[in-house]
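The chain contents come next:
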Amino acid sequence: MKLLSLFLLLPLFTMAQFDLTVTVKNVKSNEGKVSVAVYDTKENFLKFDKVFKAESAPSQKGSTKVVLEDLPKGTYALAVFHDENGNDELDTNALGIPKEPLGFSKGKMKTFGPPSFEECSFELTSDQSISVPIK
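These lines cover the structure that appears in this document, whether it is placed above or below. This one's a predicted model, so the numbers in the text were calculated from it and none came from an experiment. (Residues numbered from 1 in each chain as written. Predicted model: local features only at pLDDT ≥ 70, side-chain atom pairs only at ≥ 80, totals over all residues. Heavy atoms only, no water.)

## As for the overall build of the protein
Along the backbone of the protein there are two helices and eight strands. Ordered by position in the sequence, the α and β elements of the protein form the string α-β-β-β-β-β-β-α-β-β. When the 135 residues of the protein are sorted by exposure, 36% land in the buried category. (Helix = DSSP H or I, 4+ residues; strand = E, 2+ residues; numbered from the N terminus. Buried < 20%, exposed > 50% of the residue type's maximum accessible area, 1.4 Å probe, protein only.)

## Side note on the environment of Lys 47
Along the chain, Lys 47 turns up in the loop between β2 (33–39) and β3 (53–58). Taking the C-alpha atoms as reference, Lys 47 lies 9.9 Å from Ala 37; in sequence the two are ten residues apart.

## Some points on the pattern of salt bridges
If you walk through the whole model with that rule in mind, you get two salt bridges. For Asp 88, the salt bridge identified is with Lys 33, shortest N-O distance 2.3 Å. Residue Asp 88 is found in the loop between β5 (74–83) and β6 (102–104), and its partner Lys 33 is found in strand β2; the two are separated by 55 residues along the sequence. A salt bridge links Glu 119 to Lys 110; its shortest N-O distance comes to 3.2 Å. (Salt bridge = Lys/Arg side-chain N within 4 Å of Asp/Glu carboxyl O.)

Here it is in structure tokens:
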């Protein structure tokens, strides 16, 4: 009986879930919301229809905290933006250049495009807090 109980509990030990608290810095106003997209593979990175998990919070001038709950252990990269008009989209100009402030975990925008998944990625192995500046 004890062996059966241990066998039934085993998935609980191997499926540990963690919380990631993202403090988004340089938020310019209380308008709209701040959105965080979590990506778990380089193939899906920055594809809006391939987001692993997303969360948002009302904008708070200065810094805004967004909490992503129940993420499994793994390698992730974040894309963060201030959705100033609250339309749930990163607004861009005719050339595809973002018109709303954005940032990435670890990586920074390059002259001709965003950073790669590898430049932004980090390991999540426990509850964690990170800071992401936006521009």
